[in-house]
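# Coordinate analysis (summary)
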Amino acid sequence: MTDTLTRPANSPYRLRLAALSLAMLLPSLGTSIANVALPTLSASFQAPMANVQWVVISYLLAMTTLIVGAGRLGDLLGRRRILLFGIGLFAVASVCGALAQNLWLLVALRGVQGLGAAIMMALTIASVSDMVPKDRTGSAMGLLGTVSAVGTALGPSLGGLLINAFGWPAVFAFMAASGAVAFVFGAQVFPSDVAKKPMHFTFDLPGMMVLALSLGAYALSTTLGGATPGMTNVGLGLLALIGMATFVAIEHRTTVPLVQLAVLRDRALAAGLVSMALVSTILMATLVVGPFFLSGVLGLSPVQTGFAMSVGPGVSALAGIPAGRLVDRFGEATVTYSGLLGVVAGSVLMMLLPGAFGVVGYIGGLAVITAGYALFQAANNTAVMNGAPSERRGVTSALLGLSRNLGLITGASAMGAVFAFGSKSADLFGLGTGGGAGLQLTFAVAAVLASAALCVALLGRRPK
């Protein structure tokens with residue numbers, strides 16, 4: 001089945017883009033707004049932090065493991081229909097979460113919420129090419145990147161205000177109300193799905209289940225092990241490898257694959273996915289390593305650390321829309337390379353400046369990294385989605401989101417381990433103890449990863 005979308009004259013693309021932006025805001029807000037509620041939830045349910053953290057983990061696991069299947073369903077059944085279903089599911093799960101009287105019920109509902117978030121993440125990006133004129137695609141991608149960064153940055157402070165005023169259920173009530181607004185708005189302005197062929201629904205359920213289990217095993221092996229993985233984590237890692245091999249075998253044999261493996265032989269698509277994973281690993285390093293360096297090495301208070309950390313999402317939010325306009329003006333390739341060079345430069349600055357200039361040096365390096373990331377994300381997303389056929393945009397967008405999520409998960413574990421290892425060493429680059437050996441080693445690795453991403457992008461360049 002091939003889906004296209006009508007473009008009614010009474011629904012200009014700006015309204016559609018506004019509705020897509022709201023649908024993009026919810027998943028990122030859901031990722032960060034609940035984190036601040038963990039201590040309150042621990043006290044309310046009289047549960048240890050090891051149990052309460054599953055409120056966050058279940059959401060991330062569902063979003064990571066189910067995003068590809070969600071994108072494929074959008075391609076098969078219609079992107080408008082499935083996107084609205086995902087928004088509605090997110091809102092209903094949020095309502096139930098606000099009323100939950102049991103921690104493990106709340107954990108399960110967060111998993112359902114994560115499924116709704118996976119659908120929104122996959123299909124908002126996939127729908128841009130259907131709803132926005134081609135010459136505005138870069139600007140639209142930049143706007144969605146900005147909205148995602150704003151949601152991530154806004155979540156902790158908004159959640160703190162709501163909890164302080166009304167208690168933890170207010171966090172879920174707010175997400176429910178936002179989801180309801182997004183559903184009504186989207187239902188009014190999203191153009192209808194129109195099937196060109198009679199509906200013939202075929203979905204690779206075995207492939208989706210094996211892929212979800214494999215990704216779940218990988219995510220758990222990295223998120224639960226920290227810097228000192230044990231046998232359980234090794235076993236989960238092996239299970240992930242076996243699962244991925246099984247998934248590849250299934251996709252080769254089925255007539256209706258979840259992911260057409262031949263598509264991944266497209267150098268430009270493969271380069272876009274790999275470079276996204278590498279850069280996302282670096283981005284997560286700034287979020288994981290930053291608090292330890294700022295508080296442990298520089299001695300900043302929690303409030304000061306929070307303000308310093310907010311510079312990254314703030315720069316990303318401010319740079320998103322201009323980055324998209326640059327893509328429309330100069331093309332995806334030029335902006336992609338410029339963004340990756342910015343990430344390389346920022347990583348080098350993060351090695352050198354904090355030891356000499358303290359928090360000012362850290363903020364300077366962080367700002368360069370996140371500005372480069374904003375440029376890269378807008379250009380890379382535009383290039384990947386412009387190269388995808390209409391009937392595969394949902395799953396292509398899902399693969400893009402999956403590569404980002406896997407990079408974030410890997411960054412949280414691997415870069416955290418690098419920081420821990422480096423912190424046990426003497427100063428690595430002769431910058432004095434104030435530089436923090438762990439920070440220096442982490443961003444030396446980050447500079448290598450960013451350089452590798454640049455090489456991958458150059459090798460994957462599409463011929464004109």
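Residues numbered from 1 in each chain as written. Predicted model: local features only at pLDDT ≥ 70, side-chain atom pairs only at ≥ 80, totals over all residues. Heavy atoms only, no water.

This part takes up the layout of surface pockets. A volume near 620 Å³ is recorded for the second largest pocket. Lining the second largest pocket are 25 residues; nearest its centre among them are Leu215, Met244, Leu402, Ser403 and Leu406. For the lining of the second largest pocket, the secondary structure elements donating two or more residues are helix H9 (205–223), helix H10 (231–253), helix H11 (267–297) and helix H15 (393–423). (1 Å grid on protein atoms, 1.4 Å probe; cavity = no way out; pocket = protein on both sides within 12 Å on 5 of 7 lines; lining within 4 Å. Points joined across faces, edges and corners; volume = space filled by probe spheres on them. Helix = DSSP H or I, 4+ residues; strand = E, 2+ residues; numbered from the N terminus.)

A separate point is the packing of helix H1 (residues 13–33) against helix H7 (residues 137–166). The N-to-C vectors of H1 and H7 enclose an angle of 40 degrees; their axes lie 7 Å apart at closest approach. Classified by the interaxial angle, the pair formed by H1 and H7 is oblique. The chirality of how H1 crosses H7 is right-handed. Together, Leu17, Leu20, Ser21, Met24, Leu25, Ser28, Leu29, Ser32 and Ile33 of H1 and Ala140, Leu143, Leu144, Val147, Ser148, Gly151, Thr152, Gly155, Pro156, Leu158, Gly159 and Leu162 of H7 make up the contact between the two elements. Taken together, the residues of the contact of H1 with H7 break down into 13 nonpolar, 8 polar and no charged. (Axes fitted to C-alpha atoms, helices over the stretch in contact; angles between N-to-C directions. Parallel < 35°, antiparallel > 145°, perpendicular 65-115°, else oblique. Left-handed = near helix turned anticlockwise from the far one by under 90°. Contact = heavy atoms within 4.5 Å. Nonpolar A, V, L, I, M, F, W, Y, C, P; charged D, E, K, R; others polar.)

Moving on, we come to helix H4 (residues 54–77). Each α-helix turn comprises 3.6 residues. Residues three or four places apart therefore point the same way. Its 24 residues place the ends of H4 32 Å apart at the C-alpha level, agreeing with the 34 Å of an ideal helix rising 1.5 Å per residue. One or two steps after H4, the chain reaches Gly78, where phi turns positive at roughly 110 degrees. (Expected span 1.5 Å × (residues − 1).)

Let us now look at empty space enclosed by the protein. Applying the stated criterion across every chain, the model contains 1 cavity of 30 Å³ or more. By volume, the largest cavity is sized at about 40 Å³. Around the largest cavity sit Met141, Gly142, Gly145, Thr146, Ser316, Gly320, Ala374, Gln377 and Ala378, which together line it. For the lining of the largest cavity, the secondary-structure elements that each account for two or more residues are H7, helix H12 (302–330) and helix H14 (359–386). It is H7 that contributes the most residues to the lining of the largest cavity, 4 residues altogether. Tallied by class, the residues present in the lining of the largest cavity amount to 3 nonpolar, 6 polar and no charged.

Taken residue by residue, the chain gives an average pLDDT of 82. The fraction at 70 or more is 89%. Scored below 50 in pLDDT, residues 1–10 makes 39 contacts in the model with residues more than four places away or belonging to other chains. Throughout residues 427–435 the model reports pLDDT below 50, and contacts reaching past four residues in sequence, or to other chains, amount to 23 contacts. (pLDDT = per-residue confidence, 0-100.)

Okay, the environment of Phe419 next. Tracing the backbone shows Phe419 in helix H15. With 127 residues separating them along the chain, Phe419 and Phe292 place their C-alpha atoms 9.3 Å apart. Ignoring sequence-local partners within four residues, the contact set of Phe419 consists of Val289, Phe292, Phe293, Gly438, Leu439 and Thr442.

Next up on the list: the side chain of Glu251. Structurally, Glu251 can be placed in helix H10. Residue Glu251 is classed as buried on the basis of its relative accessible area, which comes to 5%. Not counting chain neighbours up to four residues away, the residues in contact with Glu251 comprise Asp204, Gly207, Pro257, Leu258, Val259 and Leu261. (Buried < 20%, exposed > 50% of the residue type's maximum accessible area, 1.4 Å probe, protein only.)

Nonpolar side chains tend to gather and get buried jointly when the protein is soluble and globular. Judged by nonpolar contacts, the single largest core of 80 residues is most densely connected at Leu41, Ile67, Val68, Leu106, Phe190, Leu258 and Val259. With 15 residues, the single largest contributor to this core is helix H6 (residues 103–131). Counting residues in hydrophobic clusters, the runner-up holds 33 residues, among them Val289, Tyr373, Phe419 and Ala446. (Core = buried A, V, L, I, M, F, W, Y, C linked by side-chain atoms within 4.5 Å.)

This paragraph deals with the packing of H7 against helix H8 (residues 169–189). The interhelical angle for the contact between H7 and H8, taken along N-to-C directions, is 120 degrees, at an axis separation of 7 Å. Looking at the two axes, H7 sits oblique to H8. Read as a crossing pair, H7 and H8 show a hand that is right-handed. On H8, the residues touching Leu158, Gly159, Leu162, Ile163 and Phe166 of H7 are Ala170, Val171 and Phe174.

Turning next to the packing of aromatic side chains. For the coordinates displayed, the defined rule picks out 3 aromatic pairs. Note on Trp168 and Phe172: the rings are 5.9 Å apart at their centroids and 90 degrees apart in plane angle, and the pair reads as edge-to-face. Neither Trp168 nor Phe172 differs from the other in exposure class; each is buried. Seen from their ring centres, Phe293 and Tyr362 are 5.9 Å apart, and the 20 degrees between their planes marks the pair as stacked. Of this pair, Phe293 sits in helix H11 while Tyr362 sits in helix H14; the two residues are 69 residues apart in sequence, bridging distant segments of the chain. Of the two residues, Phe293 and Tyr362, both sit in the buried class. Among the aromatic side chains, those forming a connected cluster through ring pairs are Phe45, Trp168 and Phe172. (Phe/Tyr/Trp six-rings, centres within 6.5 Å; stacked < 30°, edge-to-face > 60°.)

Glancing now at H11. Taking 1.5 Å of rise per residue, 31 residues should cover 45 Å, and H11 covers 43 Å from first to last C-alpha, within 8% of that figure. Residue Asp266 occupies the N-cap position of H11, its side-chain oxygen lying 3.0 Å from the main-chain nitrogen of Ala268. Residue Gly299 follows H11 closely and has a positive phi angle near 75 degrees. (Polar contact = N/O pair within 3.5 Å; in protein donor to acceptor, adjacent residues only side chain to side chain.)

On the surface, a cluster of nonpolar side chains totalling about 400 Å² of accessible area is made up of Val234, Leu238, Leu241 and Ile242. Here Ile242 is to be found in helix H10. (Patch = residues over 30% accessible without salt bridge, like charges linked within 9 Å, V, L, I, M, F, W, Y side chains within 5 Å. Areas by Shrake-Rupley, 256 points an atom, 1.4 Å probe, with all protein chains shown as cover. Salt bridge = Lys/Arg side-chain N within 4 Å of Asp/Glu carboxyl O.)

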